[in-house]
Amino acid sequence: MAFLELDGLVKHFSSFVAVDGLSLSVERGEFVSLLGPSGCGKTTTLHMIAGFQEPSAGSISVDGVDIVDVPVNKRDIGIVFQNYALFPHMTVADNVGFGLDMRRVPKATRDARVRRALEQVHLETLAGRYPKELSGGQQQRVALARALVIEPKILLLDEPLSNLDAKLREDMQIELKLLQRELGITTILVTHDQNEAMALSDRIAVMHGGRIVQLDAPYQGYERPETPFVAGFLGKANLFDIAASSGAIDWSRIAQSGGPDVSAALGERGALLCVRPEKMAFCGPEEAYLSGVVATRIFLGASWLYQIKVAQFGTVLVAEQNRSASDKVEGSAVHLRWEPGHAALIPGDGQ
Amino acid sequence: MSLSRAQAWPLLMCVPAVALFAVFFLLPLALVMMLSAYSFKAGVGIVPDLSWANYAAVIFDGYYQQLFFNTLFIGVTTALVTLLLGMPEAYVLYRMRSPWRTIFLLVILGPLLISLVVRTLGWLILLGNQGVLNSALMAAGVTEDPIRFLYSAPAIVIGLTHVLLPFMVIPIWTSLQKQKSSVVHAAFSLGASRRQVFFRIILPTALPGILSGTMVVFSLAASAFATPAILGGRRFKVVSTAVYDEFMSTLNWPLGATIALFLLIISLGSLMLYNRLIERRIQRWA
Amino acid sequence: MLRNTPLSLAFHTALVTFVMAPLITVSLVAFTAESYLALPWSGLSLRWFRSVFADREFLASAWVSIQVAVFTATLGVALALPAVLAIGRYQFPGRDAVNALLLAPIPVPGIVLGVTFLRFMTQIGWNGTVAAMIVCHLIVTIPFVVRILLAAIVGLDKSIPQAAQSLGASRLAVFRRITLPMLASGISGAWIMAFLLSFDELTVAIFVASTSVKTLPVWLFEKISWGLDPSACAASVLIIAGTFLAMLILDRIYGLERLLVGKSAES
Ligand SMILES: Nc1ncnc2c1ncn2[C@@H]1O[C@H](COP(=O)(O)OP(=O)(O)OP(=O)(O)O)[C@@H](O)[C@H]1O
Ligand SMILES: [Mg+2]
């Protein structure tokens, strides 16, 4: 049995179902992200683990022990809120020391542990400040230190980085990952930022409508999405409906070059082919799977992003690494292909 | 239905306050309603026989009709005068700069916390026959004999206006405050004149405050006791002073209770009417 | 961009005069040397202050008022705080009803509350006691205490006590170490407000008072009704001074502007 086991969790708010039969196993020391659009039930799930909300059904166990009836303050779970929730009337050191006070840790040990925790997050010089006197990134690190200093069994992070600017967020992601590795603490991160989830997690649980729709390592989930929703949520994706796009795409050529057997996959429910924009390549007309016209071209620094209009199909996204100036001006005709192994086949949903 | 632990806690926390209110507010209110159906016999006292006699007396007797008319008159006049003074003042305050704004806001609103009886005493001295105002008027030769201000409707209206002005300024001020200054700037940038900004932007914003302020002032003025009692004296009676007389002089408690209930109904009724008619509409954007 | 015109400032000056006039008049008359209500043109004197301090009834009523106000404010906050915490923090059956009940006395005219209490306190034989006065003032002031506390609690971030709980704090520890300190300004603001409301309250007190137990406003009201002399003004000056002191403290602790118009002074 895994360290943290969520089994068939359900949460109703009167008639509204916020979490709908969610199951998840997290190993000791693992870093799992809950990724999903706004309102899909991420925070609710986290709050059930922390104990702020009672599940309507299902069980939560840690180390084989069911904790649904354990009160919040006995669960030994650290949580970092999106807004940090620092105690405004306490200094940084007292914020961090609060959990130790609650555990009646002797003063000397407490002070030493507070100091060490603040060192871990590089805040040892700000121990005497009040939260109001800190920047967003500093507050966030206090919140992290406060949750870590009690050495909780599980660390819950609810969009802890979403209030930070892009640069600071990247720095914090790296620090967070290093700290988590160093301490080996079992962590669940809630986020709706796919890059953050991929950068930090051992596994990502993509949520939709109160359920987990796919649970995989970041690379696996990205390369082999199992549903169109996951494909679209984890990165950008070109989704070709195999039945509908036979006029636009040369399926026989794909089959010849060793691609998936499309006709077998079709069946009743149809199927989609998922090709990531960076897997698309420009080529000559003789090898092309499809052809179109450049509609827009955007320079992103590391890459060029093209929107290609393909007759009878619509728009296809192509990302090309920036090796040199692009010669494909808007309006020019282009031909596209991809390595057959780079495409993923997704069973359709029958529509 | 059984309560989970999470629901029982908050209920328990409410028990002391709710118990107090049940015993010392709801129960007495119910008992006074019953009292209004009893009758009073001179020399005997309160007779617990249920009848509509008191209600009939209050509704059909010209004396009480006059009382209710007086009360309504005081309420409406005070509300209007307070509005005429409070609305411009709120706007003046709104246009003031930083330190003055706070200072004068406190000057205007601060008296709210100062004893009502003390303030009314001030008006008594100001308006009396040998009072400050009459002395000044006579000294200036405006009049030879003192003008009788006291113990009349105008005196009560002046006193109540003074007492209730904050209740008009506060809601209007609050409404105006909600208006971000960027909205006014946007209106100017779109070519509006100062007049247009006032009538098209500021006045509509203040409207919820104006309406609720008028309502509150009316209801407080109609049910006020201390000011009409001191400034109206024995000459100008309103409902609340009549209730006081019934309870403390005539000792006809059942009749007094009946009059009080009518006052309660008017007071609550006007608030409810206001909520239904006006507030619903405005709530959508305010 | 929006400025006051001379006309609007003239109006403002007139209104401020109107607001201050009765207070200033009372204060001036208190220092008169005459034996009747007159402005102190003929010389300042403290004789009416001496007279009021020699007045047994004044001192007794002031003492009753202070006792009643202190108990009302303390008990009011103690009773309202748990209820407000429940209303502000939790969803539970009957929540709206509790909230409505605790605010219900606000729209009830004071005179109606007064006769209601008179009848009830007479029936249970409490009328004319300090206890009855306190209970009545609790009903009158608790709604305002609830309002202030509710505003303070709703402004509190729910996740802060949750964070404390997750760090191992029990319900009691969360209350003592997080909620109470964070509500300190709201609680003391509510306490002082309740004190002032009770201290100034006349309409209800006049019905519950007896010849031996009366509050300061009742004493003043009776003085005004029968036998008004400048000592009433001297007493008023004392009341005004005391209120000013309370307002200063209130401003320090909670912010008067926030209390009166429901917004923090500088934000
Ligand atoms: N206390 C509540 N009462 C009623 N509905 C609620 C409550 N809390 C959450 N919900 C609903 O449950 C759903 C899931 O909420 P939740 O906060 O878990 O979303 P989330 O995935 O964290 O979204 P976000 O990314 O916006 O934070 C939402 O539709 C929300 O409206
Ligand atoms: Mg959330």
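Note that the structure is predicted; figures quoted are calculated from it, not measured.

### Here we look at the overall build of chain C
And then number 1: Helix and strand counts for chain C come out as 12 helices and zero strands.
And then number 2: Helices and strands in chain C line up, N terminus first, as α-α-α-α-α-α-α-α-α-α-α-α.
And then number 3: Out of the 267 residues in chain C, the part that is buried amounts to 57%.
And then number 4: A separation of at least 24 residues holds for 69% of the contacts in chain C among residues at least 6 apart in sequence.

### Remarks on the domain arrangement of chain A
And then number 1: Taken domain by domain, chain A consists of domain 1 (4-223) and domain 2 (236-347).
And then number 2: Distance between the C-alpha centres of domain 1 of chain A and domain 2 of chain A: 39 Å.

### Some points on the site of ligand 1
Residue and element names in this part refer to chain A.
And then number 1: Close to ligand 1 lie F13, F16, A18, S38, G39, C40, G41, K42, T43, T44, E159 and H192, which account for all nearby residues.
And then number 2: The side chain of T43 places a nitrogen or oxygen atom 2.6 Å from an oxygen atom of ligand 1.
And then number 3: T44 is positioned such that a nitrogen or oxygen atom in its side chain is 2.5 Å from an oxygen atom of ligand 1.
And then number 4: Of all the secondary-structure elements, those providing two or more residues to the shell around ligand 1 are β2 (16-26) and α1 (42-50).
And then number 5: For the shell around ligand 1, the leading source of residues is α1, giving three residues.
And then number 6: For the shell around ligand 1, the class distribution of residues is four nonpolar, six polar and two charged.

### Observations regarding the packing of aromatic side chains
And then number 1: One pass over the full model with this rule turns up 29 aromatic pairs over all chains.
And then number 2: For the pair W191 of chain C and F195 of chain C, a centre-to-centre distance of 5.6 Å together with 20° between the ring planes defines the contact as stacked. Here W191 of chain C pairs with F195 of chain C, and both are found in helix α8 (residues 171-200), just four residues apart, close to one helical turn.
And then number 3: We classify W191 of chain C as partly exposed; its relative accessible area is 29%.
And then number 4: Between the NZ or CZ atom of R276 of chain A and the centre of the ring of Y222 of chain A, over which it lies, the distance is 4.0 Å.
And then number 5: Directly above the ring of F282 of chain A sits K328 of chain A, whose terminal nitrogen or CZ lies 4.4 Å from the centroid.

### Brief notes about unusual backbone geometry
Among all residues save glycine, negative phi is the norm, and among peptide bonds the norm is trans.
Residue and element names in this part refer to chain A.
And then number 1: The residue R104 is not glycine, and still its phi comes out positive at about 55°.
And then number 2: Here R104 lies in the loop between α2 (92-102) and α3 (107-120).
And then number 3: The exposure class of R104 is exposed, given its relative accessible area of 72%.
And then number 4: For H122, which is not glycine, the phi dihedral falls at a positive 60°.
And then number 5: Looking at the element boundaries, H122 is found in the loop between α3 and α4 (136-148).

### Points about the sheet that holds strand β9 (residues 203-208) of chain A
Residues and elements named next belong to chain A.
And then number 1: Sheet architecture is open: six strands sit in the order β6-β7-β8-β3-β9-β10, paired in mixed fashion. The open sheet has two edge strands with one neighbour each: β6 (77-80) and β10 (211-216). Neighbour-to-neighbour, the strand axes of the sheet open up by a mean angle of 20°, direction not taken into account.
And then number 2: As paired elements, strand β3 (residues 31-35) and strand β8 (residues 186-191) share five bridges and run parallel to each other. Opposite L35, over in β8, you have T191 as the bridge partner.
And then number 3: Its contacts with the sheet put α1 on β3, β6, β7 (154-158), β8 and β9, and the angle it makes with β7 is roughly 150°.

### So, the interface of chain B and chain C
Think of interface size as the accessible area that goes away when the parts come together; that is how it is often given.
And then number 1: Taken residue by residue, the interface counts 89 residues in chain B and 84 residues in chain C.
And then number 2: Per-residue buried area on chain B facing chain C is highest for F21, F24 and L113 of chain B; these three make up 10% of the total on that side.
And then number 3: Put simply, chain B and chain C have zero salt bridges between them.
And then number 4: Counting every contact that joins chain B to chain C gives nine residue pairs in polar contact (both at pLDDT 80 or more).
And then number 5: The element that contributes the greatest number of residues to the side of chain B that touches chain C is helix α1 (residues 5-35) of chain B, accounting for 21 residues.
And then number 6: By residue class, the composition of the side of chain B that touches chain C is 71 nonpolar, 13 polar and five charged.

### Description of the pattern of salt bridges
And then number 1: Enumeration according to the criterion identifies 19 salt bridges over all chains in this entry.
And then number 2: Among the ionic pairs, R110 of chain A bridges to D94 of chain A, the shortest N-O distance being 3.5 Å. Pair noted here: R110 of chain A is in helix α3 and D94 of chain A is in helix α2, with a separation of 16 residues, a long-range link.
And then number 3: What makes R110 of chain A buried here is its relative accessible area of 11%.
And then number 4: Where D245 of chain B meets K237 of chain B, a salt bridge forms, and the shortest distance between an N and an O atom there is 3.0 Å.

### A word on the packing of α2 of chain A against α8 of chain C
And then number 1: Between α2 of chain A and α8 of chain C, whose axes approach to 13 Å, the crossing angle comes to 155°. In terms of orientation, α2 of chain A and α8 of chain C fall into the roughly antiparallel class. Relative to α8 of chain C, the crossing made by α2 of chain A is right-handed. Contacts between α2 of chain A and α8 of chain C pair F98, D101 and M102 of chain A from the former with A173, R177 and I178 of chain C from the latter.
And then number 2: Broken down by class, the residue content of the contact of α2 of chain A with α8 of chain C amounts to four nonpolar, no polar and two charged.

### Concerning the environment of P161 of chain C
Residue and element names in this part refer to chain C.
And then number 1: Examined against the element boundaries, P161 turns out to sit in helix α7 (residues 159-166).
And then number 2: Sequence separation of P161 and T13 is 148 residues, and the distance between their C-alpha atoms is 48 Å.
And then number 3: Here P161 is in contact with R89, V174 and I178, once residues within four sequence places are set aside.

### Focus: the nonpolar core
And then number 1: Ranked by internal contacts, the top residues of the largest apolar core, which has 259 residues, are F87, F98 and L156 of chain A, F247 of chain B together with I178 of chain C.
And then number 2: With 16 residues, helix α6 (residues 130-154) of chain C is the largest single contributor of residues to this core.
And then number 3: Discounting residues that sit within four places of it in the chain, F98 of chain A has contacts with F87 and M90 of chain A together with A164, L167, A169, R177 and I178 of chain C.
And then number 4: Among the nonpolar cores identified, the runner-up in size contains 22 residues, and F240, V310, V334 and W338 of chain A belong to it.

### Details of the packing of helix α3 (residues 56-89) of chain C against α8 of chain C
Residues and elements named next belong to chain C.
And then number 1: Between α3 and α8, the least distance of the axes is 8 Å, while the angle of their chain directions is 135°. Here α8 runs oblique to α3, going by the angle between their axes. Crossing handedness for the pair α3 and α8: right-handed. Listed contacts from α8 to S65, I66, V68, A69, V70, T72, A73, T74, V77, L81, L85 and R89 of α3 are F175, T179, L180, L183, I187, A190, W191, A194, F195, S198 and F199.

Conventions adopted
- Residues numbered from 1 in each chain as written.
- Chains lettered and ligands numbered in written order.
- Predicted model: local features only at pLDDT ≥ 70, side-chain atom pairs only at ≥ 80, totals over all residues.
- Heavy atoms only, no water.
- Helix = DSSP H or I, 4+ residues; strand = E, 2+ residues; numbered from the N terminus.
- Buried < 20%, exposed > 50% of the residue type's maximum accessible area, 1.4 Å probe, protein only.
- Contact = heavy atoms within 4.5 Å.
- Domains from an automatic or database assignment.
- Near = heavy atom within 4 Å.
- Polar contact = N/O pair within 3.5 Å; in protein donor to acceptor, adjacent residues only side chain to side chain.
- Nonpolar A, V, L, I, M, F, W, Y, C, P; charged D, E, K, R; others polar.
- Phe/Tyr/Trp six-rings, centres within 6.5 Å; stacked < 30°, edge-to-face > 60°.
- Lys NZ or Arg CZ within 6 Å of the ring centre and 35° of its normal.
- Pairing = 2+ DSSP bridges.
- Axes fitted to C-alpha atoms, helices over the stretch in contact; angles between N-to-C directions.
- Buried area = accessible area lost by both parts, 1.4 Å probe.
- Salt bridge = Lys/Arg side-chain N within 4 Å of Asp/Glu carboxyl O.
- Parallel < 35°, antiparallel > 145°, perpendicular 65-115°, else oblique.
- Left-handed = near helix turned anticlockwise from the far one by under 90°.
- Core = buried A, V, L, I, M, F, W, Y, C linked by side-chain atoms within 4.5 Å.

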